[in-house]
Amino acid sequence: MTSTLLLLPGDEVPSSLLPKGNHKPLVLGPGLRHAPPSSVRATVSGTLTVDARKNALWIETNRGRYIPHVNDLVIATVLRSSSDFYHCTITPHAAQANLPQLAFESATRKTRPQLAPGALVYARISSASRDMDPELSCVSASSGKADGLGPLKGGMLFDVSLGFCRRLLLSESKVPLPAEQGGGAVTILEALAEKIGFEVAVGRNGKLWVDGGDVKMTLAVGKALQQTDQERLTLDQQKKLAAKTLRELGS
Amino acid sequence: MPREAELSLNEREFLLQALRENVRLDGRPFDTFRNVELKFGEEYGVADVQLGKTRIVVRVSCDVTAPYPDRKFDGIFNITTEFSPMASPAFEVGRPNESEVILSRILEKAIRRSSALDTESLCIIAGQKCFAVRADIHVLDHDGGLVDAACIALIAALQHFRRPDVTVEGENVTVYSLREREPVPLAMLHHPLCVTFSYFHSGEVVLVDATLAEEQVRESEVIVTMNRHGEICQIAKYGGSPIDAVSLLTCTSSALGKVQALWKYIQEKLDEDAKKRDAGGLMAELSAENAR
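Residues numbered from 1 in each chain as written. Chains lettered and ligands numbered in written order. Predicted model: local features only at pLDDT ≥ 70, side-chain atom pairs only at ≥ 80, totals over all residues. Heavy atoms only, no water.

Caption draft 1: Structural view of the overall build of chain A. Each helix and strand counted, chain A has four helices and 15 strands in total. Taking 2.2 N^0.38 as the reference for a compact globule, 251 residues should give roughly 18 Å; the C-alpha atoms of chain A span a radius of gyration of 20 Å, in line with that estimate. In terms of its C-alpha atoms, chain A occupies a principal-axis envelope of roughly 60 × 50 × 35 Å. Considering chain A as a whole, with its 251 residues, one finds that 47% of them fall into the buried category. If you sum the accessible surface of chain A, you get close to 13300 Å²; carbon and sulfur atoms cover 52% of it. The distance from the centre of the 29 positive side-chain charges to the centre of the 23 negative ones in chain A is 2 Å. (Helix = DSSP H or I, 4+ residues; strand = E, 2+ residues; numbered from the N terminus. Rg over C-alpha atoms; globule rule 2.2 N^0.38 Å. Buried < 20%, exposed > 50% of the residue type's maximum accessible area, 1.4 Å probe, protein only. Areas by Shrake-Rupley, 256 points an atom, 1.4 Å probe, with all protein chains shown as cover. Lys, Arg positive; Asp, Glu negative; His and termini not counted. Charge placed at Lys NZ, Arg CZ, Asp CG, Glu CD.)

Rendered as structure tokens:
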């Protein structure tokens, strides 16, 4: 169950909206902070989203720069390599992230991947804190498998908004807001994938990697996704756009 | 010192491969400009140009000073550029980077040294009083094509600017405020505009008005400055790979078409603005050019 309310930084969350009748502890998500003794205030502007079942509330916003959080999937660019690490950027002109050279699937000193400066990697953030450079990993800590992470070869990178990346990574049932408020489910990928084959990697840092095999296909998919983001297309509009894109590709 | 974020290898390869297949990332043909949008401010001499995502604001202002002792019959005309950190994290205030130096040098050559503005007309009393016209160029958003956009903005702002009217009686100079007398337009001798050509794949692909990503990948660029009569004011090429002499000729002929189209657009916008200011149709009577 969700309800919506626009909050500005410093606004107090009305106590009537706080979830009740649940014995779980109250969870404050991004954009909210507890102001003792009993009020909750917003620290960013956005729409308040309440999940009564999980006893959680957070602010949904589609702006700002990316701040690394543990377990986020990001697309990072390798800047240079040193003896033990690849030094990568998640966002340009922000702190560099370190990717250990052995943090790849079945990597040893001899079999580790050689990444040139400028190469793209799809990685998970393994540690992030305010006072330290974030650390990346391309391997699952529990299974030792890559799970789709690793160097990205070919394809093209597209810039999209942070909110859109979030929506792309969420499953349809979990999308918190209707499309008019900048949220909403994204079906364009599924609609396109019915007819054509392509690979996509979504980074939470506002990057979208698409590889459709050739220039035309990659560009068409990337542009369609960018348009969906910028014009805040609803589900019907997304389906129309997908049909148009497919028509132009001639398939 | 911060640098412009570099493109990843994947993006570079894709961009070059796309150009080889005659595709630009934004879907434009090779020889077209992005959408140009020109707006004028409330005051005279403020022009706001948007070229795609690139945005430049130029403000022209003037005051009365003494001329340089070695140039007694000339007024003073200065162009200053400022790259705001708002446009790109790579820009720092007070520390010009390479592109800022190139931009100011190009504009200096294109507008000042080609004497687009008749500085002699700015003289009030030889050796004693003259107008000092100053053009401030502010880069507010950077997505490539700074030279082209800045040139459009500067020419439009100069053409839009009005200096206060003056009368000279012997040694006495009276400068009339905007309320007292209708201000006078600057004497522009011609209107040079810049067109930048970017070369890829050892000169096989030539692009007009490259975006920032394309600028980062290009092998060399040639900046052609030309007025609408086809008179070339400068051809600038700062480093990069060598280019063919014949391709330079095609550049200049294609630049002519671009310059004429751009000037037509600027003229249209100027006329539109003049019509808006001319409330009641009294402008012709108020003008200093009117024989009273």
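On we go.
Caption draft 2: A look at the state of the cysteines. The tally for this structure, following the rule as stated, stands at zero disulfides over all chains. Cys 138 of chain A provides the cysteine sulfur closest to Cys 165 of chain A, a residue in no disulfide bond, and the two sulfurs are 18 Å apart. On the accessibility criterion, Cys 165 of chain A (0% relative accessible area) is buried. Here Cys 62 of chain B stays unpaired: no disulfide links it, and the sulfur of Cys 130 of chain B, its closest cysteine neighbor, is 10 Å away. (Disulfide = S-S within 2.5 Å.)

Caption draft 3: Spatial organisation of the UniProt feature "domain: Exosome complex exonuclease Rrp40 N-terminal" (unreviewed entry) in chain A. Here, the residues flagged by UniProt with the feature "domain: Exosome complex exonuclease Rrp40 N-terminal" (unreviewed entry) are residues 26-65 of chain A. Strand forms 52% of residues 26-65 of chain A and helix 0%; the C-alpha atoms that close the span are 27 Å apart. (UniProt positions renumbered as here; feature names shortened; annotations may be inferred.)

Caption draft 4: Expanded view of the UniProt feature "domain: Exoribonuclease phosphorolytic" (unreviewed entry) in chain B. Residue and element names in this part refer to chain B. Feature annotation in UniProt assigns "domain: Exoribonuclease phosphorolytic" (unreviewed entry) to the following positions: residues 33-164 and 192-253. Span residues 33-164 is 23% helix and 37% strand, its end C-alpha atoms 36 Å apart. Helix makes up 24% of residues 192-253 and strand 39%, whereas the separation of the span's terminal C-alpha atoms amounts to 15 Å.

Caption draft 5: Fine view of the interface of chain B and chain A. Counting residues at the interface gives 18 residues for chain B, matched by 19 residues for chain A. Roughly 1300 Å² of surface becomes buried between chain B and chain A when both sides are summed, with 70% attributable to carbon and sulfur atoms. Between the two partners, chain B and chain A, sit zero salt bridges. At the junction of chain B and chain A, the tally comes to four residue pairs in polar contact (both at pLDDT 80 or more). Of the residues contributing to the side of chain B that touches chain A, the split by class is nine nonpolar, three polar and six charged. (Contact = heavy atoms within 4.5 Å. Buried area = accessible area lost by both parts, 1.4 Å probe. Salt bridge = Lys/Arg side-chain N within 4 Å of Asp/Glu carboxyl O. Polar contact = N/O pair within 3.5 Å; in protein donor to acceptor, adjacent residues only side chain to side chain. Nonpolar A, V, L, I, M, F, W, Y, C, P; charged D, E, K, R; others polar.)

Caption draft 6: Geometry of unusual backbone geometry. Cis geometry is found at the peptide bond from Pro 36 of chain A to Pro 37 of chain A, where omega equals 5°. Tracing the chain through its elements places Pro 37 of chain A in the loop between strand 3 (32-35) and strand 4 (39-42). Positive phi is not limited to glycine here, since Arg 232 of chain A has a value of about 50°. Residue position: Arg 232 of chain A is located in the loop between helix 3 (215-230) and helix 4 (235-249). For Ser 202 of chain B, which is not glycine, the phi dihedral falls at a positive 45°. Considering the arrangement of structural elements, one finds Ser 202 of chain B in the loop between strand 11 (193-200) and strand 12 (205-208). A residue is classified by how much of its surface remains accessible, and Ser 202 of chain B, at 63% relative accessible area, is exposed.

Caption draft 7: Local environment of the packing of aromatic side chains. Taken as a whole and judged by the stated rule, the model has two aromatic pairs over all chains. Taking the centre distance of 6.4 Å and the plane angle of 80° together, the rings of Tyr 86 of chain A and Phe 104 of chain A count as edge-to-face. Taken together, the residues span a long stretch of sequence, with Tyr 86 of chain A in strand 8 (residues 85-89) and Phe 104 of chain A in the loop between strand 9 (97-100) and strand 10 (120-129) at a distance of 18 residues. Of the two residues examined, Tyr 86 of chain A and Phe 104 of chain A, each falls in the buried class. The ring of Tyr 176 of chain B is capped by Arg 181 of chain B, whose NZ or CZ atom sits 4.3 Å from the centre of that ring. In this arrangement the basic side chain of Arg 277 of chain B is found over the ring face of Tyr 44 of chain B, its NZ or CZ atom lying 4.7 Å from the centre. (Phe/Tyr/Trp six-rings, centres within 6.5 Å; stacked < 30°, edge-to-face > 60°. Lys NZ or Arg CZ within 6 Å of the ring centre and 35° of its normal.)

Caption draft 8: View of the packing of helix 3 of chain A against helix 1 (residues 9-20) of chain B. Where helix 3 of chain A meets helix 1 of chain B, the axes come as close as 10 Å, and the angle between the chain directions of the two elements is 115°. Seen along the crossing, helix 3 of chain A lies across helix 1 of chain B with a hand that is left-handed. Between helix 3 of chain A and helix 1 of chain B, the residues in contact are Val 215, Thr 218 and Leu 219 of chain A and Phe 14, Gln 17 and Ala 18 of chain B, respectively. Considering only residue class, the contact of helix 3 of chain A with helix 1 of chain B consists of four nonpolar, two polar and no charged. (Axes fitted to C-alpha atoms, helices over the stretch in contact; angles between N-to-C directions. Left-handed = near helix turned anticlockwise from the far one by under 90°.)

Caption draft 9: Inspection of helix 3 of chain A at higher detail. End to end, helix 3 of chain A covers 22 Å across 16 residues, agreeing with the expected 22 Å (1.5 Å per residue, within 8%). For helix 3 of chain A, a buried count of twelve out of 16 residues is recorded, marking the element as mostly surrounded by other parts of the structure. Residues Val 215, Met 217, Thr 218, Leu 219, Ala 220, Val 221, Gly 222, Ala 224, Leu 225, Gln 226, Thr 228 and Asp 229 of chain A constitute the buried set of helix 3 of chain A. Structurally, helix 3 of chain A contributes buried residues whose contacts are with strand 13 (156-159), helix 1 (162-169), helix 2 (188-193), strand 15 (207-211) and helix 4 of chain A together with helix 1 of chain B. The first or second residue beyond helix 3 of chain A is Arg 232 of chain A, which carries a positive phi of 50°. (Expected span 1.5 Å × (residues − 1).)

Caption draft 10: Inspection of the sheet that holds strand 13 of chain A at higher detail. Residues and elements named next belong to chain A. Sheet architecture is open: three strands sit in the order 13-15-14, paired in antiparallel fashion. The open sheet has two edge strands, strand 13 and strand 14 (199-203), and neither has a second partner. The average angle at which neighbouring strand axes cross in this sheet is 20°, direction not considered. Its contacts with the sheet put helix 3 on strand 13 and strand 15, and the angle it makes with strand 13 is roughly 15°. (Pairing = 2+ DSSP bridges.)

Caption draft 11: Summary view of the environment of Ala 153 of chain B. Residue and element names in this part refer to chain B. Counting through the fold element by element, Ala 153 comes out in helix 3 (residues 146-160). In this structure, the C-alpha to C-alpha distance between Ala 153 and Ser 99, residues 54 residues apart in sequence, is 17 Å. When sequence neighbours within four positions are dropped, the list of residues in contact with Ala 153 reads Ala 47, Val 49, Ile 56 and Val 58.

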